Amino acid sequence: MPDRWIDAITKPAWIARATDTLGDAVKQAYAGGGDRGLQVKSALNGVWLGHPLHPALTDVPLGAWTVAVALDTASLVTGRNELSSCASAAATIGVAGAMAAAAAGITDWSDTDGRSRRIGFVHGALNLTATGLFAISLLRRRQRQNISGRVCAFTGYALALTAAYLGGDLVYGGQIGVNHAAGHEAPEEFTPVLALGQLADQQPKRVIIGTTPVLLVRRGDRVQAMAETCSHLGGPLSEGTLKDDGIVCPWHGSCFALEDGHVINGPATHPQPCFETRVRGGQIEVRMPRPEEPIALDMHNKDQNEGELVTQ
Ligand code: FES
């Protein structure tokens, strides 16, 4: 489907209004839940999985509905009614999976903006319609209205495939759900990046090493470094706020542990790459962590030669 078609589908002004209203409502619902709301949101984002949960769940309805449609088709061709019963079972699994996928999907969607948000809205609306049609299909089959049941199933399947296409466009075109910090690396050897005196305590700062933006944070006698581009959607972590032992992204509130980059709160699900640091000759130096020297170790080693702090 060409981009201009997708733009035409998502262009109407009412879609923009609806996305704003629904998006704000979802955000307020989670915010109103306080810490518990944040935990539920992070769980639905897939923080516990280390990967967005929604795309993993969408395989359930699409797979189950594909089986249902295939069995219905076989039943029509062969006249074997028991295949239609199996199709009903597959459709039921699909409806259950679709509801779980919808909960995760609307959670991810609430943190998108602009074109991606409008496409996501249409994607979700098509999937909800498809789910409704499969639910009606199941009802009609119970009423022994097999023909209308199959028509609902086939129509729902066509809508689900269209929605899946739009979901793919969100990932491959809009880069929703991908790791925006992937490939952000520091040099293999320690490289000076900033004079220690230029890094104020508790003041996140952005420096560039090669082509990689790096976040530096000085907290007392520690200097910590991680990729500055948020893994969620590329937000600037140097403009974020420090919270306990983490940094909170200014765009959608993901929180990453400064010590090892793991996600404390979503919507990000991918960790931030972290780097080793040390101070030599008054300069903060940064390098990629060595596999045999995990970042979490040796955080407070002293440089025996210069008597300066070494942080890793
Ligand atoms: S860009 Fe979304 S949380 Fe950072």
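Note that this is a predicted model, so its numbers are computed, not measured.

Peer 1: Let's hear about the overall build of the protein chain: which residues, and what values?
Peer 2: Looking only at helices and strands, the protein chain has 7 helices and 10 strands in total. For the protein chain, the C-alpha radius of gyration of 25 Å lies well beyond 20 Å, the compact-globule estimate for 312 residues. On the principal axes, the C-alpha backbone points of the protein chain span a range of 85 × 45 × 40 Å. When each of the 312 residues of the protein chain is scored for burial, the buried share is 38%.

Peer 1: So what about the sheet that holds strand S9 (residues 274–280)? Which residues, and what values?
Peer 2: The antiparallel open sheet is built from 6 strands, whose spatial order is S1-S10-S9-S4-S3-S2. Two strands lie at the open edges of the sheet, namely strand S1 (191–195) and strand S2 (205–209), each paired on one side alone. On average, each strand axis in the sheet is tilted by 35° relative to the strand beside it, whichever way the strands run. For strand S3 (residues 212–219) and strand S4 (residues 222–227), the ladder comprises 6 bridges, and the chain directions are antiparallel. In the strand pairing of S4, Leu 215 is matched with Met 226.

Peer 1: Just give me the short version of the confidence of the model for the protein chain, but keep the residues and values in it.
Peer 2: For the protein chain, per-residue confidence averages 90 on the pLDDT scale, and residues scoring 70 or more make up 93% of the total. Scored below 50 in pLDDT, residues 296–310 makes 21 contacts in the model with residues more than four places away or belonging to other chains.

Peer 1: Please provide a residue-by-residue account of the pairing of S4, values included.
Peer 2: By the criterion of burial, S4 is predominantly enclosed, with 5 of the 6 residues buried. Taking the residues between adjacent antiparallel strands as the criterion, S3 and S4 are bridged by 2 residues, where Gly 220 takes a positive phi near 65°. When S4 meets S9, the two strands line up antiparallel, connected through 2 bridges. Each bridged residue has a counterpart across the sheet, and for Met 226 the counterpart in S9 is Cys 274.

Peer 1: Outline the pairing of S9, supporting the account with residue identities and numerical values.
Peer 2: Where burial is concerned, most of S9 is hidden: 5 out of the 7 residues are buried. The turn linking S9 back onto strand S10 (residues 283–287) is made up of 2 residues, and Gly 281 within it adopts a positive phi angle of 55°.

Peer 1: Residues and numbers for the nonpolar core, please.
Peer 2: The tendency in soluble globular proteins is for nonpolar side chains to be buried as a group. Core analysis: the biggest nonpolar cluster contains 30 residues, and Trp 65, Ala 68, Ala 91, Phe 134 and Ala 153 have the highest contact counts within it. Contributions of two or more residues to this core are made by helix H4 (53–78), helix H5 (81–109), helix H6 (114–142) and helix H7 (146–172). With 8 residues, the top contributor of residues to this core is H4. What Ala 153 contacts, discounting residues up to four positions off in sequence, is Ala 68, Val 69, Asp 72, Ala 91, Phe 134 and Ser 137.

Peer 1: Report on unusual backbone geometry, specifying residues and quantitative values.
Peer 2: Residue Pro 267 is bonded to the preceding Gly 266 through a cis peptide linkage, with omega at 20°. Along the polypeptide, Pro 267 turns up in the loop between strand S8 (263–265) and S9. For Arg 144, which is not a glycine, the phi torsion comes out positive at approximately 60°. When you line up the elements, Arg 144 lands in the loop between H6 and H7. The class for Arg 144 is exposed, based on 7 C-beta atoms found within 10 Å. Phi at Asp 244 is positive, roughly 50°, even though this residue is not glycine. Among the structural elements, Asp 244 can be located in the loop between strand S5 (241–243) and strand S6 (246–248).

Peer 1: A description of the sheet that holds strand S7 (residues 255–257) should follow, citing residues and the corresponding values.
Peer 2: One key point about sheets: their strands pair by backbone hydrogen bonds, in either a parallel or an antiparallel sense. Taken in spatial order, the 4 strands line up as S5-S6-S7-S8 in an open sheet, and their pairing is antiparallel. Two strands lie at the open edges of the sheet, namely S5 and S8, each paired on one side alone. Pairs of neighbouring strands in the sheet enclose a mean axial angle of 35°, with direction left out of account. In this structure, S6 lies alongside S7, joined through 3 bridges in antiparallel fashion.

Peer 1: I'd love a proper account of the domain arrangement of the protein chain, names of residues and values included.
Peer 2: Partitioning the protein chain into structural domains gives domain 1 (3–172) and domain 2 (191–287). For domain 1 versus domain 2, the distance between C-alpha centres works out to 37 Å. Across the side of domain 1 that touches domain 2, the residue classes tally to 4 nonpolar, 5 polar and 3 charged.

Calculation criteria
Residues numbered from 1 in each chain as written. Predicted model: local features only at pLDDT ≥ 70, side-chain atom pairs only at ≥ 80, totals over all residues. Helix = DSSP H or I, 4+ residues; strand = E, 2+ residues; numbered from the N terminus. Rg over C-alpha atoms; globule rule 2.2 N^0.38 Å. Buried ≥ 20, exposed ≤ 12 C-beta atoms within 10 Å, placed from the backbone. Pairing = 2+ DSSP bridges. Axes fitted to C-alpha atoms, helices over the stretch in contact; angles between N-to-C directions. pLDDT = per-residue confidence, 0-100. Contact = placed C-beta atoms within 7 Å. Core = buried A, V, L, I, M, F, W, Y, C linked by C-beta atoms within 7 Å. Domains from an automatic or database assignment. Nonpolar A, V, L, I, M, F, W, Y, C, P; charged D, E, K, R; others polar.

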